[in-house]
Each structure stands twice: as C-alpha cells, then as structure tokens.
Amino acid sequence: MVMRSPRFQHTYAADLPERLYASPDPSQVSTPRLLELNETLATELGLDIGWLRGPQGIDMLAGNRFPADARPIAQAYAGHQFGNFVPQLGDGRAVLVGELLDTTGQLRDVQLKGSGPTRFSRNGDGRAALGPMMREYIVSEAMHALGIPTTRTLSLVATGEHVFRETRLPGALIARVAASHIRVGTFQYLAVREDSDGLRALADYAITRHYRHLAEAPRRYLGFLNAVVARQAKLVAQWMLVGFIHGVLNTDNVAISGETIDYGPCAFMDAYHPATVFSSIDHQGRYAFANQPRITVWNLARLAEALLPILGSEAGGDDEGFEQAKAAIGSFQARYEAAFHEGMRHKIGLLTEQPEDLGLAAELLALMARNGADFTLTFRDLADEVDGSGRVRNHFIDPAAFDSWALRWRERLAREPETAADRTARMRGVNPKYIARNHRVEAAIAAATNEGDFGPFQSLLTVLARPFDEQPGMEDYARPPKDEERVLQTFCGT
C-alpha cells in the first residue's frame, strides 16, 4: 500500500504581508521518538496514520525534515503580558508547518511547538521540556472531550536531547492543531506599527477564515469585532462552568477563532474558591479563576483599540468607530452572563427559567467556597441527590449548610416538567465526573520524566476522553487529591 504524505496549504503566508512572519530553517533533533499519536485527530485531518508513524512522518513531527510542499513559518505578534505591552513577541519556539483541509472542509493549522529557535526567540533555545508538552497534550484533549473549543494535540515526540530550565530535563515537542493561530496580539503587532494596510489585510483574512458570513457585510470589521467578543464570552463561560483556570491570559494567548490556546500554567480547580491561582508567575492573582471574564474584556478592549483605524474608516469617522467599538466591548458582559447563567441552571438540574434560579446557584457556589467543596464532584453528585439525601453533603465541612440549601433546591425542582430519571441523565451530561486533575497530570509527567514510564499518561488520556461517562474501575481518577498529593503551582515551561 502506498502511504501518502500530507498536502499542506499556506494561505497565511500567501495572503498576508511578509512582515507578519519569518521563515526559519529546520532545526534538527538528534534521535526523535514518537511517544504518542492522536489517531482520532489524524483521521479527522485526513492524514495517513501509517505515513505519520513511519520515518518520514516522524521526521516531520520532529521538525527535522518537511514534505516538499511544506513552507514552515514563525508567526509574528505582540501582546500585553500581565498588563505590560511588548511590541514584538512571536513564535519563539514554534513553526507553522502549514494548513490542512480536514474531513469537514475546515482549514486547520498544524504547528510544531518546541521545534527550535526562530527570529522571535529573544535569546531562548526554542525548545520545550517533556513535562509542559505532556500537560498541553493532556489538558487540550480533556477540554476537547468536555466540548470546549480548543487547540488540539496531534503528536508528542521525544527529541533525544535535554533542555535546561531550573534543572536538566528531557526535551520534547508537540504538533498542535488549531482553527488558526491568529491572536489579539497579531492585530496589536500591526497596530503599534501604524500599519493600517496590514490591519485591513489581516482582518479580511480572519473574516474569510473564521467569519465568512461577514465577508459582504457593510461594516464587516465591526461585525468581526462583535463576533470575536461573542465567541470569547461563550468560551470563558464554558471555562467557568468546569472550573478551568487558563493561568496566563495575556493578549497573545487569546485566539480570535474562539478556541482555548496556549496551555501553560493551566489547571482545573479541586476545592472551589473564586480566588484560586495555580500559575507560579501570577503573583498578584491577575489571572485568578474569578478574574477570567474581567481580564477577557480587558484583552478584547485591546483588540478594539488595534482595530480602531479600520473601524473608523469603515464608519465614516474615528469618533463613530470608537463608539461602535465601545459598544461591542460593552456587550461582552451580557453575552457572558447569558451563557454562564444558562449553563449553571443546567448544572443544577433546571430546565426552565425562574427569577430565583440565579440566586439559588450563587448561594450554592458561596457555600462551596466557604466549605472547601470539590467543584467537579459537588455538581456531579447533585444528579444523584434529586430524590433524597445523597453524598453531596460529604463534600462540605458543614453538611447542614448544604442540607438547608438542598431543601429549597428540591422545592424548585418540583416545579420542573422532567422526571427524576430524565433530570439525572441530563445533569450527568453536563457535569463531568473526570477532569484533568492536577495531581494526576503531575504524576503522569513524573512517571515519564523520571522513569520513562508513559503508562500513566496513556491511561489518563483514555479516561479523560469520556469525561461524562461512568467508567467502572476508573473511579480513582475522579478522586480529589489527598493533602500530600495537592499541586498548588504550575509552570509555563519556557
């Protein structure tokens, strides 16, 4: 059987000015070894799994050698990092190999992360350690299984070399698949250079790729801004509904496609508290769990600022363009609240909408915060609570406080049209049992890094692929960490 190499497109490089990217030379690694291949994703991309697992495929996934039609580039962008603007960032350890048309007709980027230095490396080595690449693989695939828009991971490859961070670590790289890698910071890169022509070209490209329905709109750039705001509002609501903390919500980590991107010091909460922070570099709590909607608004305001030159020309004046941009950013809160409130009603089993519902949900969250209740299991176990006292109260330091809330909750459920069985099934369909718990992720990384054992990594991926299912024998993966297992800090890996 003849195996087929991928057929890449290169619309980003072909349609946009060269100032938006650099063309790095391949950076060889000594002894690449394929550790994991996401065959489900490979099939979605129309890729030949046999070719990917063969020497040519592994060479491509390692960044050693690319197919003849590949045109690897490193993308340029700027960004606000922890509120401080950096006019030039860019792919300092990644290359976009090209774009593939998947089996649904969607164009998707294939990028290698950890592939070596580029013009944007800023004296970095351009490489990645095994641990952070495993974390991105695990968490991005967990997010996909939860139904949350995300970049995905096609492969994990060991380089056979070491990188030096705080210590000497085994090197690795991943192939990341995204709807695109266009960021808020990509627009900022052009705006700070007062490049209106470049802004217009980038916006037109982004509209064609992600918001095609706006192509003929009379004010397509305003429509584009509104569409990005809408997608980000829904995305952040989805994060908040599963207890996910991105960890480093800089403007260069906000994708205009509405996908979750750049899994660095990210984590899912165990015990619920709105001020939870995991990132080792977030000393002020800027990107704490509860701050994510507010910070996303701030980031989107930076996108609006970058777009002002073309919004003004489209609107017939800078003042009008500014007012329209202001209104678009102002719409975020209502969009976010609508998505979050709807999701929260479903999490507590409510199908219809009543005035007291939001207060009921808010009171539960406040009780969880005061009592150190596990975020995931509290909501999951509510599904078994509809007919009487179950095990949810065991998640609370003060079980009586939950009992009092549950009485009013059941009174509210009694006015719903569903049967208890239907409600239980629906609640289990929105409240996962299995998340990428930090202690499990770290244990998988430690086993691979210290012992070369990838069994825990592969087992964890298997469980997380079915987060809403009861998986007999796998219950330990749902368990919160013991005190000695708790992981309080995560790291970006650069």
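Definitions and cut-offs
Residues numbered from 1 in each chain as written. Predicted model: local features only at pLDDT ≥ 70, side-chain atom pairs only at ≥ 80, totals over all residues. Heavy atoms only, no water. Core = buried A, V, L, I, M, F, W, Y, C linked by side-chain atoms within 4.5 Å. Buried < 20%, exposed > 50% of the residue type's maximum accessible area, 1.4 Å probe, protein only. Helix = DSSP H or I, 4+ residues; strand = E, 2+ residues; numbered from the N terminus. Contact = heavy atoms within 4.5 Å. Salt bridge = Lys/Arg side-chain N within 4 Å of Asp/Glu carboxyl O. Polar contact = N/O pair within 3.5 Å; in protein donor to acceptor, adjacent residues only side chain to side chain. Expected span 1.5 Å × (residues − 1). Phe/Tyr/Trp six-rings, centres within 6.5 Å; stacked < 30°, edge-to-face > 60°. Lys NZ or Arg CZ within 6 Å of the ring centre and 35° of its normal. Axes fitted to C-alpha atoms, helices over the stretch in contact; angles between N-to-C directions. Parallel < 35°, antiparallel > 145°, perpendicular 65-115°, else oblique. Left-handed = near helix turned anticlockwise from the far one by under 90°. Nonpolar A, V, L, I, M, F, W, Y, C, P; charged D, E, K, R; others polar. Patch = residues over 30% accessible without salt bridge, like charges linked within 9 Å, V, L, I, M, F, W, Y side chains within 5 Å. Areas by Shrake-Rupley, 256 points an atom, 1.4 Å probe, with all protein chains shown as cover. Lys, Arg positive; Asp, Glu negative; His and termini not counted. Charge placed at Lys NZ, Arg CZ, Asp CG, Glu CD.

Engineer: Tell me about the nonpolar core, and please be specific about residues and values.
Structural biologist: In terms of nonpolar packing, the biggest core is built from 126 residues, with L156, F187, F224, L225 and L382 touching the most fellow members. The greatest single-element share of this core, amounting to 15 residues, is contributed by helix α8 (residues 220-242). The contacts of L156, once residues within four sequence positions are left out, are R33, L34, L35, E36, L130, M133, M134, Y137, A172, L173, I174 and F457. Core analysis: the next-biggest nonpolar cluster, separate from the first, contains 26 residues, M60, A62, V97 and L173 among them.

Engineer: Tell me about the pattern of salt bridges, and please be specific about residues and values.
Structural biologist: Side chains that differ in charge, positive against negative, can pair when their charged atoms come close. On inspection of all chains with the given rule, the structure shows 38 salt bridges. In this structure, R165 engages D125 in a salt bridge whose closest nitrogen and oxygen atoms are separated by 2.8 Å. In this pair, R165 is assigned in the loop between β9 (152-164) and β10 (168-178) and D125 in the loop between β7 (107-113) and β8 (128-129), connecting sequence segments 40 residues apart. Here R165 falls in the partly exposed class, since its relative accessible area comes to 23%. The salt bridge involving E470 is made with K433; its shortest N-O contact spans 2.7 Å. Taken together, the residues span a long stretch of sequence, with E470 in the segment after α17 (455-464) and K433 in the loop between α15 (420-428) and α16 (438-451) at a distance of 37 residues. Judged by relative accessible area, which is 38%, E470 ranks as partly exposed.

Engineer: Describe in detail unusual backbone geometry, supporting the description with residues and values.
Structural biologist: Although it is not a glycine, R122 adopts a positive phi angle of roughly 50 degrees. Checked against the element boundaries, R122 lands in the loop between β7 and β8.

Engineer: Kindly report on the side chain of R108, identifying the contributing residues and their values.
Structural biologist: Mapped onto the fold, R108 is located in strand β7. Looking at R108, its side chain comes within polar contact range of the side chain of D102, at 3.3 Å. Beyond its immediate stretch of four places on either side in the chain, R108 contacts L41, E44, L45, G98, E99, L100, D102, R152, V177, A178, A179 and R209.

Engineer: Report on helix α14 (residues 399-413), specifying residues and quantitative values.
Structural biologist: The first and last C-alpha atoms of α14 sit 20 Å apart over 15 residues, in line with the 21 Å expected at 1.5 Å per residue. Considered for burial, the residues of α14 that qualify are A401, F402, W405, A406, W409, R412 and L413.

Engineer: Kindly report on helix α11 (residues 332-347), identifying the contributing residues and their values.
Structural biologist: Helix length check: α11 (16 residues) gives 22 Å between terminal C-alpha atoms against 22 Å at 1.5 Å per residue, within 8%. Of the surrounding secondary structure, the elements contacted by the buried residues of α11 are α8, α9 (292-315), α10 (318-330), α12 (357-371), α13 (375-382) and α15. Positive backbone phi, approximately 90 degrees, marks G349, located one or two places after α11.

Engineer: Pulling in residues and values, what's your account of the packing of aromatic side chains?
Structural biologist: Centre distance and the angle of the planes are the two values used to describe a pair of aromatic rings. What the rule picks out here adds up to 18 aromatic pairs. Measuring from ring centre to ring centre gives 6.4 Å for F289 and F375, while their planes differ by 65 degrees; the resulting arrangement is edge-to-face. In this pair, F289 is assigned in the loop between β12 (267-268) and α9 and F375 in helix α13, connecting sequence segments 86 residues apart. Each member of the pair, F289 as well as F375, carries the same accessibility label: buried. Seen in terms of ring centroids, F332 and Y336 are 6.1 Å apart; in terms of plane orientation they differ by 0 degrees. Their pairing is stacked. Taken as a pair, F332 and Y336 lie in helix α11 at a separation of 4 residues, close to a single helical turn. Taken as a pair, F332 and Y336 share a single burial class, namely buried. When the ring centre of W298 is taken as origin, the NZ or CZ atom of R286, which lies over that ring, is 4.9 Å away.

Engineer: Pulling in residues and values, what's your account of the environment of N299?
Structural biologist: Within the secondary structure, N299 is located in helix α9. Taking the C-alpha atoms as reference points, N299 and V184, separated by 115 residues in sequence, lie 7.6 Å from one another. Ignoring sequence-local partners within four residues, the contact set of N299 consists of V184, L249, N250, T251 and V254. At a separation of 2.9 Å, a polar atom in the side chain of N299 contacts the main-chain carbonyl oxygen of L249.

Engineer: Explain the packing of α8 against α10 residue by residue, including any values.
Structural biologist: When two helices pack together, their arrangement is captured by the angle between the axes and the distance separating the axes. Contact pair α8 / α10: the axes reach a minimum separation of 9 Å and the direction vectors enclose 15 degrees. Relative to α10, the element α8 lies roughly parallel. Two packed elements cross with a definite hand, and for α8 against α10 that hand is right-handed. Contacts between α8 and α10 involve L222, L225, N226 and V229 on the former and, on the latter, Q324, A325, A328 and I329. Across the contact of α8 with α10, the residue classes break down as 6 nonpolar, 2 polar and no charged.

Engineer: Now, about a negative patch on the surface: what can you tell me, with residues and values included?
Structural biologist: Taken together, the side chains of D318, D319, E320 and E323 present a region of like negative charge at the surface. The class for D318 is exposed, based on a relative accessible area of 60%.

Engineer: An account of the environment of A129 is requested, with residue identities and associated values reported.
Structural biologist: Summarising the element assignment, A129 is placed in strand β8. Look past the residues within four positions of A129 in its chain and what remains in contact with it is V163, L169, P170, G171 and A172.

Engineer: Tell me about the packing of helix α5 (residues 130-145) against α17, and please be specific about residues and values.
Structural biologist: Taken N-terminus to C-terminus, the directions of α5 and α17 make an angle of 15 degrees; their axes are 9 Å apart at the nearest point. The pairing of α5 with α17 is recorded here as roughly parallel in orientation. The way α5 lies across α17 gives a crossing that is right-handed. The segment α5 lies against α17, with M134, Y137, I138, E141, A142 and A145 engaging F457, L460, L461 and L464. By residue class, the composition of the contact of α5 with α17 is 9 nonpolar, no polar and 1 charged.

Engineer: Any details on the environment of S30? Residues and values, ideally.
Structural biologist: If you trace the backbone, S30 turns up in the loop between β1 (21-22) and β2 (33-37). Residue S30 is classed as partly exposed on the basis of its relative accessible area, which comes to 45%. As for S30 and A62, which are separated by 32 residues in sequence, their C-alpha atoms are 9.7 Å apart.

Worth remembering: the numbers are spatial, not functional.
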